[in-house]
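# Examination of the molecular architecture
Next come the chains, spelled out residue by residue.
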Amino acid sequence: MRGYYIKNCKQMERYVVIMAGGAGERFWPLSRKSKPKHLWNVVGGDACLLSMTYSRARETVGGENIFVVTNPEQVEAITLACPEIARDKILVEPAGRDTTAAIGFSAAYLKRISGGSDCSFAVLPSDHVVKDVQAFSETLGEAFRLAESGDKLVTIGITPTFPATGYGYIRKGEKFGGGEYYKVSRFFEKPNLERATEYLNSGEFFWNAGIFVWKTSSILSAIDKNLKGAGDILRRIESAADFNKTASELYPQIEKISIDFSVMERADNAWTVPAKFDWDDVGSWTAIERHCPKDADGNTVIGELYAKDSKDCLVFDAAGRATAMLGVEDIIVVHSPDATLVCKKQCAQNLKELVKILPDKLRR
């Protein structure tokens, strides 16, 4: 009966909100605050990551129902990189307050344009790579149906393929019929290698992709319950005569915290739908090797390379600059117009630590 009810529940007006405010520091020197990695083409093809995400979303909801949430610094770059996204579909955060505030801000706006009626929406990161768009749409549709069937906070779970230490994990709870979805037993933060291996071998865990689906009423209620003062601020913003002015005044007062910490890890109504699609979060420069061809020496090259006795390297040129290598292996070289990165592949995940010590002119 549970499965029958899910499949036949009333469909609400559905939206997609794409989160596009991050700086993508692990992709420096290409990615900067004003034009981060989701506005670059880093995996081949003609489109940037945000444009690819927008295109996928259109397979589930129409373009009129897709919104992009970003910060003031990125608005112009988004309109230039993604002309298919209308300016009135770009929601600008008054201040960077992490994902809880951004999601609450989006929910308040959707409730406002819906005349106070409940609706459902998916939250998508802007920098994921998915090739099977049809399977993505099918999975998202299942998540929408589950979210609309009651007071449920739904997340998409990715079946692990290796013991990743850079992802959060979701432990499966009870499985329900009529479709494969699970009650969430618990969320786990990024583990060490030993723990990640245990998670993988147990078969009881998903990777947490940061893809969510819920009703506006469900997520606003959860934020109100778990984050002191945030619910009242969001209600005042949603009902204000001047939405933007009130948001500018009140939004910066919301605590800066991710939705995982503020809501999902505390929720007793969290559910997960397993992904039917391929997935890559393209978290650092080494991820490019999974999407671009290699030469005979194992080098991944986007640009012009002249190499001798060099193997298993990654070269990415965004400045029209040639690279020459001699007697090196397992290194990354990235050229941007004003900076060049050289690092060992094993250090790629720690690039954020380098960015912290850079002058502001090299971060913007």
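You'll find the structure just up there.
Residues numbered from 1 in each chain as written. Predicted model: local features only at pLDDT ≥ 70, side-chain atom pairs only at ≥ 80, totals over all residues. Heavy atoms only, no water.

Looking now at the overall build of the protein. When its secondary structure is counted, the protein shows eleven helices and 15 strands. Whereas a compact globule of 364 residues would reach a radius of gyration of roughly 21 Å, the protein reaches 21 Å, a difference of no more than 12%. Its C-alpha atoms give the protein principal-axis dimensions of roughly 65 × 50 × 35 Å. Among the 364 residues that make up the protein, the fraction classed as buried is 53%. The contacts of the protein with a sequence gap of at least 6 include a subset with a gap of at least 24, amounting to 65%. Accessible surface for the protein amounts to roughly 16600 Å². Of this, 47% is attributable to carbon and sulfur atoms. Each charge class in the protein was averaged separately, 47 positive and 48 negative side chains, and the resulting centres sit 4 Å apart. (Helix = DSSP H or I, 4+ residues; strand = E, 2+ residues; numbered from the N terminus. Rg over C-alpha atoms; globule rule 2.2 N^0.38 Å. Buried < 20%, exposed > 50% of the residue type's maximum accessible area, 1.4 Å probe, protein only. Contact = heavy atoms within 4.5 Å. Areas by Shrake-Rupley, 256 points an atom, 1.4 Å probe, with all protein chains shown as cover. Lys, Arg positive; Asp, Glu negative; His and termini not counted. Charge placed at Lys NZ, Arg CZ, Asp CG, Glu CD.)

What follows is about the environment of Asn41. Structurally, Asn41 can be placed in the loop between β1 (14-19) and α2 (49-57). Note: C-alpha distance between Asn41 and Ala81 (40 residues apart in sequence) is 9.9 Å. In contact with Asn41, other than residues within four places in its own chain, are Asp46, Ala47, Cys48 and Phe316.

Looking at where His335 falls in the secondary structure, it is placed in strand β14 (residues 331-336). Assessed through its relative accessible area of 7%, His335 is described here as buried. Spatially, the C-alpha atom of His335 lies 29 Å from that of Ser55, the residues being 280 residues apart in sequence. Excluding anything up to four places from it in sequence, His335 contacts Phe316, Asp317, Ala318, Ala319, Arg321, Ala322, Thr323 and Thr340. A polar contact of 2.7 Å, which involves the side chain of His335, links it to the side chain of Thr323. (Polar contact = N/O pair within 3.5 Å; in protein donor to acceptor, adjacent residues only side chain to side chain.)

On to the packing of helix α7 (residues 216-226) against helix α8 (residues 230-239), then. Between two packed helices, the angle of one axis relative to the other and the distance separating the axes together describe the packing. Interhelical geometry of α7 versus α8 gives an angle of 135 degrees and a closest axis separation of 7 Å. Judged by the angle between their axes, α7 and α8 are oblique. Contact residues: α7 offers Leu220, Ile223 and Asp224, while α8 offers Ala230, Gly231, Asp232, Leu234 and Arg235. Of the residues that constitute the contact of α7 with α8, the class distribution is four nonpolar, one polar and three charged. (Axes fitted to C-alpha atoms, helices over the stretch in contact; angles between N-to-C directions. Parallel < 35°, antiparallel > 145°, perpendicular 65-115°, else oblique. Nonpolar A, V, L, I, M, F, W, Y, C, P; charged D, E, K, R; others polar.)

Moving on to the layout of surface pockets. If you add up the space inside the second largest pocket, you get close to 200 Å³. Around the second largest pocket sit Asp88, Ile90, Leu91, Val92, Pro94, Phe105, Tyr109, Phe243, Asn244, Ala247 and Ser248, which together line it. Going through the elements one at a time, β3 (90-92), α4 (98-113) and α9 (243-250) are the ones with two or more residues in the lining of the second largest pocket. With four residues, α9 is the single largest residue contributor to the lining of the second largest pocket. A breakdown of the residues in the lining of the second largest pocket according to their chemical character gives eight nonpolar, two polar and one charged. (1 Å grid on protein atoms, 1.4 Å probe; cavity = no way out; pocket = protein on both sides within 12 Å on 5 of 7 lines; lining within 4 Å. Points joined across faces, edges and corners; volume = space filled by probe spheres on them.)

Counting 48 residues, the largest nonpolar core has Leu50 and Phe277 as its most contacted members. Take this core: its biggest share by element is seven residues, from helix α5 (residues 133-148). Excluding anything up to four places from it in sequence, Phe277 contacts Val130, Asp132, Ala135, Phe136, Thr139, Ile156, Ile158 and Ile211. (Core = buried A, V, L, I, M, F, W, Y, C linked by side-chain atoms within 4.5 Å.)

The subject of this paragraph is the packing of aromatic side chains. One pass over the full model with this rule turns up 23 aromatic pairs. Arranged with centres 4.8 Å apart and planes meeting at 70 degrees, the rings of Tyr167 and Trp207 form a pair that is edge-to-face. Remark: Trp207 occurs in strand β8 (residues 205-215) and Tyr167 occurs in the loop between β5 (153-158) and β6 (168-176); sequence separation between them is 40 residues. Each member of the pair, Tyr167 as well as Trp207, carries the same accessibility label: buried. An aromatic cluster is built from Tyr15, Phe67, Phe105, Tyr109, Phe243 and Tyr251, whose rings are joined through pairwise contacts. Against the face of Phe136 rests Arg56, its NZ or CZ located 5.4 Å from the ring centre. When the ring centre of Trp271 is taken as origin, the NZ or CZ atom of Lys152, which lies over that ring, is 5.2 Å away. (Phe/Tyr/Trp six-rings, centres within 6.5 Å; stacked < 30°, edge-to-face > 60°. Lys NZ or Arg CZ within 6 Å of the ring centre and 35° of its normal.)

For the rest of this paragraph, the subject is α4. Between its terminal C-alpha atoms α4 stretches 23 Å, which fits the 22 Å expected from 16 residues at 1.5 Å a residue. Where α4 is concerned, the buried positions are Thr100, Ala101, Ala102, Ile103, Gly104, Phe105, Ser106, Ala107, Ala108, Tyr109 and Leu110. (Expected span 1.5 Å × (residues − 1).)

This part takes up the pattern of salt bridges. Opposite charge on two side chains lets them pair, provided their charged atoms get close. Taken as a whole and assessed by the stated rule, the structure comprises 16 salt bridges. Across the pair Asp232 and Arg236 runs a salt bridge whose closest N-O atoms are separated by 3.9 Å. Here Asp232 and its partner Arg236 are both found in helix α8, four residues apart, which amounts to about one turn of the helix. Across the salt bridge formed by Glu289 and Lys345, the nearest N and O atoms sit 2.4 Å from each other. Taken together, the residues span a long stretch of sequence, with Glu289 in the loop between β9 (270-274) and β10 (300-302) and Lys345 in the loop between β15 (339-344) and α11 (351-356) at a distance of 56 residues. Here Lys345 falls in the buried class, since its relative accessible area comes to 17%. Within this structure, Glu73, Asp360 and Arg364 form a network of salt bridges that share partners. (Salt bridge = Lys/Arg side-chain N within 4 Å of Asp/Glu carboxyl O.)

Let's shift gears to the pairing of β6. In this sheet, β8 lies alongside β6 in antiparallel orientation, the contact comprising four bridges. Along β8, the bridge assignment pairs Arg171 with Phe205. Here six bridges tie β6 to strand β7 (residues 181-188), and the two strands are oriented antiparallel to one another. What sits directly across from Lys172, in β7, is Val184. (Pairing = 2+ DSSP bridges.)

Across the nine residues of α2, seven count as buried, placing the element largely inside the fold. Of the positions making up α2, those classed as buried are Leu49, Leu50, Ser51, Thr53, Tyr54, Arg56 and Ala57. The inward-facing, buried residues of α2 abut β1, β2 (66-70), α3 (75-81), β4 (120-125) and α5.

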